Structures are given as structure tokens and as C-alpha cells.
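Understanding the architecture of this molecule
Next come the chains, spelled out residue by residue.
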Amino acid sequence: QVQLVESGGGLVQAGGSLRLSCAASGQTFSNYVMGWFRQAPGKEREFVASINWSGRVTRMPDSLKGRFTISRDNAKTISLQMNSLKPEDTAVYYCAASTAGSDYDPRSYEYWGQGTQVTVSS
């Protein structure tokens, strides 16, 4: 049974920082791409970042570069460091795992965590 568990969400003021973590269990994720997505109320799920099994290949929309950083802490844990947070970053953030397909497409991901709420107040 594969499980992804996110942690680290919360309420923060604009300009603040949060670090999200995703812990995987159930099998070895050495061949998986791990990704972060977010979904705000009334909006589609949005790609935030991805990282490959070695941690050497990362992807992120240009709009988030410079504020967000994805890293692989070990074989089963990834993190998302979020700095200079803005109210528009408010969303539920999901961790996901994929073996094939586009990193940017949520349909490529076979496993999902339950999500963690990030709320940025103005």
C-alpha cells in the first residue's frame, strides 16, 4: 500500500515562509518523479514543482522560481520551501508520485497525498 503524507502547512502572513514535507511509504520510490500541486477553491489543480528520483532534475513554473524550491531529502521524503508567500499562494498543496508522463500533468501521477492547507493572509 503506497502512502504519501504531507505536513508543514498552516497560516502565515504575506512575506512569510513555510516548508512543506512529503513522506512516502509502502515501496521504494527510486524510479518515481515526485511532484507538488496546489488547488485553490474554485480553481483547477495547478502544477507547482517536480523532482526526479536522483534529485538532480527539477521543474517549476517560471512564476514560482525564486520563491519556491523543491528538494529531495532522502529516498522517501521531499520538501517544498516556500518563501515570500503571497495571498494568491493560498491553496491546498498536494504531494504526488509518478512513473511516466508529463511532470506538469496531474493525470500522470498515480499516487496522491491527502493535501495540506496553506493560507497566506494579507
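As a reminder, the structure under discussion sits directly above these lines.
A short tour of the structure in this document, coming up.

What counts and what doesn't
- Residues numbered from 1 in each chain as written.
- Predicted model: local features only at pLDDT ≥ 70, side-chain atom pairs only at ≥ 80, totals over all residues.
- Heavy atoms only, no water.
- Salt bridge = Lys/Arg side-chain N within 4 Å of Asp/Glu carboxyl O.
- Helix = DSSP H or I, 4+ residues; strand = E, 2+ residues; numbered from the N terminus.
- Buried < 20%, exposed > 50% of the residue type's maximum accessible area, 1.4 Å probe, protein only.
- Pairing = 2+ DSSP bridges.
- Axes fitted to C-alpha atoms, helices over the stretch in contact; angles between N-to-C directions.
- Disulfide = S-S within 2.5 Å.
- Contact = heavy atoms within 4.5 Å.

**Observations concerning the pattern of salt bridges**
For the structure shown, the criterion picks out seven salt bridges. Put simply, R19 and D73 hold a salt bridge, and the shortest N to O gap is 3.7 Å. Placement of the pair is R19 in strand β3 (residues 18–25) and D73 in strand β7 (residues 68–74), with a sequence separation of 54 residues. Given the relative accessible area of 40%, R19 is considered partly exposed. For D73, a relative accessible area of 39% gives the class partly exposed. As a salt-bridge pair, D89 and R67 come within 2.7 Å of each other at their nearest N and O atoms. In this pair, D89 is assigned in the loop between β8 (77–82) and β9 (91–98) and R67 in the loop between β6 (58–59) and β7, connecting sequence segments 22 residues apart. Both residues of the pair, D89 and R67, belong to the buried class.

**Considering the sheet that holds strand β1 (residues 3–7)**
The pairing of strands in a sheet comes from backbone hydrogen bonds and takes either a parallel or an antiparallel form. Spatial ordering of the open sheet is given by β1-β3-β8-β7, a layout of four strands whose pairing is antiparallel. Taken across any chain shown, the strands that pair with only one partner, and hence form the sheet edges, are β1 and β7. Within this sheet the neighbouring strands show an average axis-to-axis angle of 20°, counted without direction. Of the strand pairs in this sheet, β7 and β8 are connected by six bridges, and their pairing is antiparallel. Across the sheet, residue N74 finds its bridge partner in β8, namely T77.

**Side note on the state of the cysteines**
Note on terminology: disulfide describes a covalent bond linking the sulfur atoms of two cysteines. Evaluated as defined, the whole model comprises one disulfide. Two residues share a disulfide in this structure: C22 and C95, whose sulfurs sit 2.0 Å from each other. Handedness of the C22-C95 disulfide follows from its S-S torsion of about -75°: it is left-handed. In this pair, C22 sits in strand β3 while C95 sits in strand β9, placing the two residues 73 residues apart along the sequence.

**Considerations on the side chain of R67**
On the basis of relative accessibility, which here comes to 12%, the residue R67 falls in the buried class. With sequence-adjacent residues up to four places away left out, R67 is seen in contact with Q81, M82, N83, S84, L85, K86 and D89.

Remember, this is a structural readout, not a statement about activity or role.
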